[in-house]
Amino acid sequence: MNKTILTLLAVVLLFNCSTAQKVAEVQAINKEEVKSSMIKALEWQEAHPIFALAPTDWTAGAYYVGVARAHKTTKDMMYMAALKNQAYWNNWQTYTRLHHADDVAISYSYIYIDRNEKRKNFVDLEPTKKFLDAHLYEDDNWKAGTDKSEYGRTILWWWCDALFMAPPVLNLYAKHTKQPKYLDEMHKFYMQTYNQLYDEEEQLFARDMRFVWEGNDNPTKEPNGKKVFWSRGNGWVFSGLALILDDMPTDYEHRPFYENLYKEMAEAILKLQPEDGLWRTSLLCPESYDHGEVSGSGFHTFALAWGINNGLIDKKHTTAVKKAWHALKACQHDDGRVGWVQNIGAFPEPASADSWQNFGTGAFLLAGSEILKLD
Amino acid sequence: MNKTILTLLAVVLLFNCSTAQKVAEVQAINKEEVKSSMIKALEWQEAHPIFALAPTDWTAGAYYVGVARAHKTTKDMMYMAALKNQAYWNNWQTYTRLHHADDVAISYSYIYIDRNEKRKNFVDLEPTKKFLDAHLYEDDNWKAGTDKSEYGRTILWWWCDALFMAPPVLNLYAKHTKQPKYLDEMHKFYMQTYNQLYDEEEQLFARDMRFVWEGNDNPTKEPNGKKVFWSRGNGWVFSGLALILDDMPTDYEHRPFYENLYKEMAEAILKLQPEDGLWRTSLLCPESYDHGEVSGSGFHTFALAWGINNGLIDKKHTTAVKKAWHALKACQHDDGRVGWVQNIGAFPEPASADSWQNFGTGAFLLAGSEILKLD
Amino acid sequence: MNKTILTLLAVVLLFNCSTAQKVAEVQAINKEEVKSSMIKALEWQEAHPIFALAPTDWTAGAYYVGVARAHKTTKDMMYMAALKNQAYWNNWQTYTRLHHADDVAISYSYIYIDRNEKRKNFVDLEPTKKFLDAHLYEDDNWKAGTDKSEYGRTILWWWCDALFMAPPVLNLYAKHTKQPKYLDEMHKFYMQTYNQLYDEEEQLFARDMRFVWEGNDNPTKEPNGKKVFWSRGNGWVFSGLALILDDMPTDYEHRPFYENLYKEMAEAILKLQPEDGLWRTSLLCPESYDHGEVSGSGFHTFALAWGINNGLIDKKHTTAVKKAWHALKACQHDDGRVGWVQNIGAFPEPASADSWQNFGTGAFLLAGSEILKLD
């Protein structure tokens, strides 16, 4: 009896020590443990509401994309309860800046609820429609490139994060309402951003024109002389691609473009994965802040696992993905908090064991949602 | 020292193993443990908001009836804080369908607060009054029986759950505002439902006309050929009777009807209690889903304990009630979650260790609130 | 291995036993432990919303002053997330009674957010300005002394708690908006209260005119015949003074008055500290309820530590302050709840290990915020 107790206790105590970041060995995935980690992350995040400007802003938007995908995989009603709760209190509103891609990210969760919770007169997608129509069809100084920004805001989605915020919503809205025009518009604006920010050599996205070298007299460089490719920025694009492809018609004429872009980014991201499984916040200058960063890594892990599960990349990469998950898991505190998340920003900056954000939790949930589907 | 620690540890570890459902022995009731279980249930539920349509709907309504009764027994301000918090954010509103009994269940908590929290200009019972007056005195197609439903919606409260949702509110509102007319109206509509759905032979309620055999060419039957009597459905009626009687004037002319109905149901429910203490979701076909179900069982336990505490049934049934409480307690997870709750539904369906709903927590709190008063 | 585990376990179990109130030894302060206790208090309180009338009332106001000061010291984003969350859902409103000092206490947190969270179009201080202007410049029957109160409401701030509720807000608003007139108005009304309620002999404040002996035919007395000086009431004034002085211009003409008053109160409060570190709810009749009370004690501890940290009182008092902190800490439950808080009231009444209020948690956070700055 005493021996059993001591063994159990040892397990408990060892488990309690895992808050510090550790090199993760590539063990098998215990799916019940994955589910349990995900629920703990959700519970902690729900108990710690945070936002930049409002509970409808992009930080919540990205978080609830993770919650929606966790529900899609597990069907655990804990996720749906959280989704409905925020939607109700947010009154199904987007945030307010109709020209700003960030402010419609939350609508991904609203559309998801509408597709999965068949109750009459519950979901209200009018504010989403109103936003999308204004965003796509009304002129503004971002589209016109006449705002006062010093760094080349000549297109609607002038920063790479935007490719997570609006396109998956447009894509899902097009599918949900059977209106392909929203997908066509998505593609039009997507190409503008791709043409401005995609680096074909590195197969990565610059965050915005400040970090594009070509035609730039004074581009930002890393201390090691390389280009600045931000892990989370590329995570936004890469995971956004998985979300888009997941709901894009298989016969959509531009689908090959997205599949190809996905594969190119997957190649680059896999090549850049550090030994311990987690990407550094600066992809080409990992030595700047030499620790795993969870928001970017979570997005990469999700996208890679999704690619394996959907046949876009080879199954041999499962090892890399498992390693990443184990390392992500080691960044979760015992109480559920997902640490090592770089704060709100626009380029590589350090994180810490305690640093957290709702979108970091969202990235963690996204990763888990596809890890659970691995063979 | 080591020995003491190991003993303490053993207690902790054994306690930690109680999440699985177990046959409960009929031990004594430790009232401090009951209180502690109840508070843990409340805290877990407050941290996991859930609803069908809105935080004012019947699911929250039933939950906060449990919270109110827990406060009435214990006076623990934790319950009152939760009651006031939801009422404030719900702005003292009912849900919106004025013909639907479900949508006024939340008002039980509002009236309770008004009776127990003497602060000027705090509680607003106007929305409740407006609902009740429309519900009772305005015509609608439910009352007229002209709605499109295929299964006999010819009366206002055409499903047995309704007898928990509206009558206790009407009864308490009549008492609180000293307007007996609301009690008289309650009785009028209660009799309609009783006449349609009460099975005098089984002393149980059919959920709705689909499950009434008399005059029904194609009634629903259980696999074993018996009538379908849903545990939670009868729990709604039975616990609703205890709530009504608790606040009904002792000299009310129709009180003997409610007392008699209570006693008949108590007899049936006691007779049907399984050996392990918890009722199956199908009362006459327990083998369909052969596990205890917590929402129905919680309501039965509350109603039975209330009957003992108020002299309506014999004290010898205390053993059955204690057994039920211990078994309910064994369905609570270590973190406070009350599991084994059948999801939202209208007839017997299975539950699981993990399935939960706020109204299940409400049933648990109701049960505890009367268990604490047992001799 | 087993030995290590047992040692660790012993620590855990001993820690778990600390919910009961104990005499605290004057040990060194472990600042990581202080931070951890503070965060646990915050998390528990955020999970247990409570108010008297609304989430904008003085109870929340006092709590979020504590949260703001905890953020000011630690910069932990957990505090800022909580501050922003309540402000957003409260829509930056004060509570509604424009003549009542209580109802603007919440604005301290709004101004704090505006000073520390530099986001455009986020904070809205218009409701605060509207309140303050009405409060200061519009006539009402409190100022006129013509309300119906039986106990001498002849001035705007007729009860000593008011000196925490409004003056620190006015002082900070004056600084934040660079409008000294608000500070001048503060001083005018402060002096009225000081002149009515300050007892120069005892160097303490009567709660209101019921407790002032001079010119009172029937003043309230303690059982031991002494004057009634309420610990929390004096805690409101004393900690309010620290808040005011912290943001008052060093060259403000009336600053010496506040510094002197602070020093007089500090002398009295230090002299009255019981051996175990925590003040009784009745300062001159500690035997009435002979246990430490946390809300008053938290405010005193904050004010004393602030005085040491800012050179207003001698560093030799550090021992007394540390002792108080350790004793406060012993009143915190393992789950974070801060117990031994006297309920809402207006004079000495007992508390218990389980009694809590958000303003008690606020007092705890205030204390911790200055304990962390001690040498």
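Residues numbered from 1 in each chain as written. Chains lettered and ligands numbered in written order. Predicted model: local features only at pLDDT ≥ 70, side-chain atom pairs only at ≥ 80, totals over all residues. Heavy atoms only, no water.

- Named according to an unreviewed UniProt entry, chain A is Glycoside hydrolase family 88 protein originating from Tamlana crocina.

**Notes on the overall build of chain A**
Phase 1: Counting secondary structure elements, chain A contains 15 helices and two strands.
Phase 2: The C-alpha radius of gyration computed for chain A amounts to 20 Å, which stays within 12% of the reference 21 Å derived for 375 residues, consistent with globular compactness.
Phase 3: Over its C-alpha atoms, taken along the principal directions, chain A stretches across nearly 75 × 55 × 40 Å.
Phase 4: The burial tally for chain A puts 63% of its 375 residues in the buried class.
Phase 5: Contacts spanning at least 24 positions in sequence make up 72% of the contacts within chain A whose residues lie at least 6 apart.
Phase 6: Counting every atom, chain A has about 14400 Å² of accessible surface; 49% of that belongs to carbon and sulfur.
Phase 7: If you average the places of the 40 positive and of the 49 negative side-chain charges in chain A, the two averages end up 6 Å apart. (Helix = DSSP H or I, 4+ residues; strand = E, 2+ residues; numbered from the N terminus. Rg over C-alpha atoms; globule rule 2.2 N^0.38 Å. Buried < 20%, exposed > 50% of the residue type's maximum accessible area, 1.4 Å probe, protein only. Contact = heavy atoms within 4.5 Å. Areas by Shrake-Rupley, 256 points an atom, 1.4 Å probe, with all protein chains shown as cover. Lys, Arg positive; Asp, Glu negative; His and termini not counted. Charge placed at Lys NZ, Arg CZ, Asp CG, Glu CD.)

**Structural notes on the pattern of salt bridges**
Residues and elements named next belong to chain B.
Phase 1: Taken as a whole, this structure holds 61 salt bridges over all chains when the rule is applied.
Phase 2: R280 is the partner of D290 in a salt bridge, and the nearest nitrogen-oxygen pair spans 2.9 Å. Pair noted here: D290 is in the loop between α12 (255-272) and α13 (294-309) and R280 is in the loop between α12 and α13, with a separation of 10 residues, a long-range link.
Phase 3: Overall, the relative accessible area of 10% leaves R280 in the buried class. (Salt bridge = Lys/Arg side-chain N within 4 Å of Asp/Glu carboxyl O.)

**What to know about unusual backbone geometry**
Phase 1: Phi is positive for A:W340, which is not a glycine, with a value near 55°.
Phase 2: Mapping A:W340 onto the fold places it in the loop between α14 (318-329) and α15 (358-371).
Phase 3: Even without a glycine there, the phi angle at C:N91 is positive, about 55°.
Phase 4: Examined against the element boundaries, C:N91 turns out to sit in the loop between α4 (77-89) and α5 (107-116).

**Things to note about empty space enclosed by the protein**
Phase 1: By the definition in use, this model includes two cavities of 30 Å³ or more.
Phase 2: Considered as a void within the structure, the largest cavity measures approximately 90 Å³ in volume.
Phase 3: If you trace the largest cavity, you find it lined by B:L42, B:E43, B:E46, B:M78, B:A81, B:A82, C:A47, C:H48, C:P49 and C:W356.
Phase 4: Counting residues per element, the ones that place at least two in the lining of the largest cavity are α2 (31-46) and α4 (77-89) of chain B.
Phase 5: Its residues placed into classes, the lining of the largest cavity shows seven nonpolar, one polar and two charged. (1 Å grid on protein atoms, 1.4 Å probe; cavity = no way out; pocket = protein on both sides within 12 Å on 5 of 7 lines; lining within 4 Å. Points joined across faces, edges and corners; volume = space filled by probe spheres on them. Nonpolar A, V, L, I, M, F, W, Y, C, P; charged D, E, K, R; others polar.)

**Some points on the packing of helix α3 (residues 58-74) of chain B against helix α11 (residues 231-247) of chain B**
Packed helices, taken two at a time, are described by the angle between their axes plus the distance between the axes.
All names here are of chain B.
Phase 1: One can describe the packing of α3 onto α11 by two numbers: an axis separation of 13 Å at closest approach and a directional angle of 45°. One way to sum up the angle between α3 and α11 is to call them oblique. The crossing of α3 and α11 is left-handed. Along the contact surface, α3 presents W58, A62, V65, R69 and K72, while α11 presents W236, L243, D246 and D247. (Axes fitted to C-alpha atoms, helices over the stretch in contact; angles between N-to-C directions. Parallel < 35°, antiparallel > 145°, perpendicular 65-115°, else oblique. Left-handed = near helix turned anticlockwise from the far one by under 90°.)

**A word on the packing of α13(B) against helix α14 (residues 318-329) of chain B**
Residue and element names in this part refer to chain B.
Phase 1: Their axes nearest at 10 Å, the elements α13 and α14 cross at an angle of 145°. Considering the relative orientation of α13 and α14, their crossing is left-handed. Contacts between α13 and α14 involve V294, S297, G298, T301, L304, A305 and I308 on the former and, on the latter, T318, V321, A324, W325 and L328.
Phase 2: In terms of residue class, the contact of α13 with α14 is built from eight nonpolar, four polar and no charged.

**Quick look at helix α10 (residues 181-197) of chain A**
Because an α-helix packs 3.6 residues into every turn, residues spaced three or four apart end up facing the same way.
Phase 1: With 17 residues, α10(A) ought to run about 24 Å at 1.5 Å a step, and its terminal C-alpha atoms sit 25 Å apart, in line with that.
Phase 2: Among the residues making up α10(A), those that are buried are A:Y182, A:L183, A:E185, A:M186, A:H187, A:F189, A:Y190, A:T193, A:Y194, A:Q196 and A:L197. (Expected span 1.5 Å × (residues − 1).)

**Describing the packing of aromatic side chains**
Pairs of aromatic rings are described using the distance from one ring centre to the other and the angle between the two planes.
Phase 1: Overall, the coordinates contain 81 aromatic pairs over all chains when judged by the stated rule.
Phase 2: Both rings, one in A:Y198 and one in A:F205, keep their centres 5.0 Å apart while their planes meet at 50°; by these two values the pair is tilted. For the residue pair A:Y198 and A:F205, the accessibility class agrees, reading buried in each case.
Phase 3: Among the aromatic residues, those joined into a ring-pair cluster are A:F51, C:Y88, C:W89, C:W92, C:Y110 and C:F122.
Phase 4: Seen from the ring of C:F122, C:K84 lies directly overhead, with NZ or CZ sitting 5.1 Å from the centre.
Phase 5: Against the face of C:W213 rests C:K227, its NZ or CZ located 5.7 Å from the ring centre. (Phe/Tyr/Trp six-rings, centres within 6.5 Å; stacked < 30°, edge-to-face > 60°. Lys NZ or Arg CZ within 6 Å of the ring centre and 35° of its normal.)

**Focus: the environment of A:L183**
All names here are of chain A.
Phase 1: If you trace the backbone, L183 turns up in helix α10.
Phase 2: Note: C-alpha distance between L183 and M248 (65 residues apart in sequence) is 8.4 Å.
Phase 3: Setting aside chain neighbours within four positions, we find L183 in contact with N171, A174, M248, P249 and Y252.

**Quick notes on the side chain of C:D247**
All names here are of chain C.
Phase 1: Turning to its location among the elements, D247 is positioned in helix α11 (residues 231-247).
Phase 2: A relative accessible area of 8% means that D247 is categorised as buried.
Phase 3: In this view, D247 contacts R69, K72, Y108, N171, L172 and K175; residues no more than four positions away in its chain are not counted.

**Here we look at the confidence of the model for chain A**
Residues and elements named next belong to chain A.
Phase 1: Summarising the model, chain A shows a mean pLDDT of 92, and 92% of its residues fall at 70 or more.
Phase 2: Here residues 4-24 scores under 50 on pLDDT; set against residues more than four positions off or in separate chains, the count is 39 contacts.
Phase 3: Among the prediction metrics, the complex's ipTM stands at 0.91, with pTM recorded as 0.92. (pLDDT = per-residue confidence, 0-100.)

**Considerations on the environment of A:A303**
Phase 1: For A:A303, the location among the structural elements is in helix α13 (residues 294-309).
Phase 2: Looking at A:A303, the relative accessible area reads 0%, which means it is buried.

**Topic: helix α3 (residues 58-74) of chain C**
All names here are of chain C.
Phase 1: Its 17 residues place the ends of α3 24 Å apart at the C-alpha level, agreeing with the 24 Å of an ideal helix rising 1.5 Å per residue.
Phase 2: When you tally the buried positions in α3, you get 14 out of 17 residues, the bulk of the element.
Phase 3: Looking one or two residues past α3, K75 carries a phi angle of roughly 60°, positive in sign.

**Overview of the side chain of B:Q342**
Residue and element names in this part refer to chain B.
Phase 1: The residue Q342 is located in the loop between α14 and α15 (358-371) in this model.
Phase 2: By relative accessible area, Q342 is classed as buried at 0%.
Phase 3: Reaching out from Q342, the side chain makes a polar contact with the side chain of W230 at a distance of 3.0 Å.
Phase 4: Polar contacts involving the side chain of Q342 include one to the main-chain carbonyl oxygen of F347, which spans 2.8 Å.
Phase 5: When neighbours within four sequence positions are excluded, Q342 is seen to be in contact with W230, R232, T281, E293, S295, F347, P348, E349, P350, A351, Q357 and F359. (Polar contact = N/O pair within 3.5 Å; in protein donor to acceptor, adjacent residues only side chain to side chain.)

**Some words on the environment of A:N30**
All names here are of chain A.
Phase 1: Tracing the backbone shows N30 in the loop between α1 (2-16) and α2 (31-46).
Phase 2: Residue classification places N30 among the partly exposed residues on the basis of a relative accessible area of 38%.
Phase 3: Counting along the chain gives 341 residues from N30 to I371, while the straight-line C-alpha distance between them is 10.0 Å.

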